[in-house]
Amino acid sequence: MILISHRGNINSINPQRENTHEYIDEAIDSGYHVEIDLFCHDDKLWLGHDEPNVTVDSWWLTERTNRLFIHAKNHMALEYILYNTEIPVFYHTVESHVLIGNTALIWSHELSEATSNSIIPLLNEEDFKRKHEFKNVYGICSDFVGGVE
């Protein structure tokens, strides 16, 4: 099972550093994959959760292809990543399960239906402590991946 840092977080939630180049690289350098939030706005790519905050070049993303999962925050970001890179990408609003483009994986919010092809979000610390209950999933995304026993 792979562990995926949520927006660069490893041991806690840090909104000031989430979705920034340095924070993402710190998580990758610590051995984790990273789920990042990406917008496409005004013909530029942007990192940010609720809104575009930090510009990012496509080459920067491409250099990290094998370590990133991109949560496209708008249709333009989804389309750009799907058709211009091989980086795993997904988009969702309220769906329980969504296909991760450029892979055969599924982002699964309905934990009871998760399979060996699923990546599940266990974002809070209490949920992450229950990770042993999900041995058969492909990966877990959390703000607390550094708390591995």
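What you see as residue numbers is a count from 1 along each chain, following the sequence as written. Where totals are concerned, whole chains, interfaces and linings use all residues; where local detail is concerned, this predicted model gives features only for residues with pLDDT of at least 70, and gives and counts side-chain atom pairs only at 80 or more. To obtain the side-chain values, all non-hydrogen atoms of the structure were used and water was disregarded.

## Some words on the environment of Lys135
And then number 1: Starting at the N terminus, helices and strands are each numbered in turn, a helix being any DSSP run of H or I of at least four residues and a strand any DSSP run of E of at least two. With respect to the helices and strands, Lys135 occurs in the loop between α4 (125–129) and β10 (139–142).
And then number 2: Measuring from C-alpha to C-alpha, the distance between Lys135 and Met1 comes to 7.5 Å, with 134 residues separating the pair along the chain.

## Some points on the nonpolar core
And then number 1: In terms of nonpolar packing, the biggest core is built from 31 residues, with Ile24, Ile36, Leu38, Leu61, Leu68 and Ile70 touching the most fellow members.
And then number 2: Residue assignment for this core shows that the elements contributing at least two residues are α1 (21–29), β2 (33–41), β3 (44–47), α2 (58–62), β5 (68–72) and α3 (75–84).
And then number 3: Residue contributions to this core peak at four residues, all from β2.
And then number 4: Counting residues in hydrophobic clusters, the runner-up holds ten residues, among them Ile2, Ile4, Val98 and Trp107. The term nonpolar core refers to a set of buried residues drawn from Ala, Val, Leu, Ile, Met, Phe, Trp, Tyr and Cys, joined through side-chain atoms within 4.5 Å. Relative accessible area decides the class of each residue, using a 1.4 Å probe on protein chains only: under 20% of the type maximum gives buried, over 50% gives exposed, and in between gives partly exposed.

## Topic: the pattern of salt bridges
And then number 1: Every case where a carboxyl oxygen of Asp or Glu lies within 4 Å of a side-chain nitrogen of Lys or Arg is listed as a salt bridge. One pass over the full model with this rule turns up eight salt bridges.
And then number 2: Measuring nitrogen to oxygen at the nearest pair gives 2.6 Å for the salt bridge that ties Arg17 to Glu26.
And then number 3: For Glu26, a relative accessible area of 37% gives the class partly exposed.
And then number 4: Across the salt bridge formed by Asp25 and Arg64, the nearest N and O atoms sit 2.7 Å from each other. Here Arg64 lies in the loop between α2 and β5 and Asp25 lies in helix α1, a separation of 39 residues in the sequence.
And then number 5: For Arg64, a relative accessible area of 14% puts it in the buried group.
And then number 6: Salt bridges sharing partners connect three or more residues here, namely Arg7, Glu18 and Asp37.

## A look at the packing of aromatic side chains
And then number 1: Classification of ring pairs uses Phe, Tyr and Trp, with its six-membered ring standing for Trp, and accepts pairs whose centres are within 6.5 Å; under 30 degrees between planes counts as stacked, over 60 as edge-to-face, and the remaining range as tilted. A complete count under the given rule lists one aromatic pair for this structure.
And then number 2: Here Phe90 and Trp107 contribute two aromatic rings whose centre-to-centre distance is 4.2 Å and whose plane-to-plane angle is 15 degrees, an arrangement assigned as stacked. Of this pair, Phe90 sits in strand β6 (residues 89–90) while Trp107 sits in strand β8 (residues 105–108); the two residues are 17 residues apart in sequence, bridging distant segments of the chain. The pair Phe90 / Trp107 is uniform in exposure class, with both members buried.

## Quick word on the pairing of strand β1 (residues 2–6)
And then number 1: Counting buried positions along β1 gives five out of five residues, so the element sits mostly inside the fold.
And then number 2: Between any two strands, at least two bridges found by DSSP are needed for them to pair. With four bridges connecting them, β1 and β10 associate as parallel partners. Looking at the pairing, Ser5 lines up with Ser142 of β10.
And then number 3: In terms of strand pairing, β1 meets β2 through three bridges, oriented parallel.

## A look at the layout of surface pockets
Empty pockets left among the atoms are what a rolling probe the size of a water molecule brings to light.
And then number 1: Buriedness for pockets is judged along seven lines, at least five of which must meet protein on both sides within 12 Å for an open set on the 1 Å grid over protein atoms alone, while cavities are sets there where a 1.4 Å probe fits but cannot get out, and lining residues have an atom within 4 Å of a point. Grid points are joined across faces, edges and corners, and a volume is the space filled by probe spheres set on the points. Estimated volume of the largest pocket: approximately 160 Å³.
And then number 2: For the lining of the largest pocket, the per-class residue count stands at two nonpolar, six polar and three charged. Each residue receives one of three labels: charged for Asp, Glu, Lys and Arg, nonpolar for Ala, Val, Leu, Ile, Met, Phe, Trp, Tyr, Cys and Pro, and polar for the others, Gly being one of them.

## Section: the pairing of strand β7 (residues 97–100)
And then number 1: Here β7 pairs with β8 via four bridges, running antiparallel. Bridging across to β8, Ile100 finds its partner in Leu105.

## Comments concerning α3
And then number 1: Every buried residue of α3 is accounted for by Ala77, Leu78 and Ile81. Around the axis of α3, the buried residues are gathered within 100 degrees of arc, so they sit on the same side. Looking at α3, the residues exposed on the side facing more than 90 degrees away from the buried face are His75 and Tyr83.
And then number 2: What makes two residues a contact is simply this: any of their non-hydrogen atoms within 4.5 Å. Contact partners of the buried residues in α3: β2, α2, β5 and β6. Throughout, the arc means the angular range of directions from the helix axis out to the C-beta atoms.

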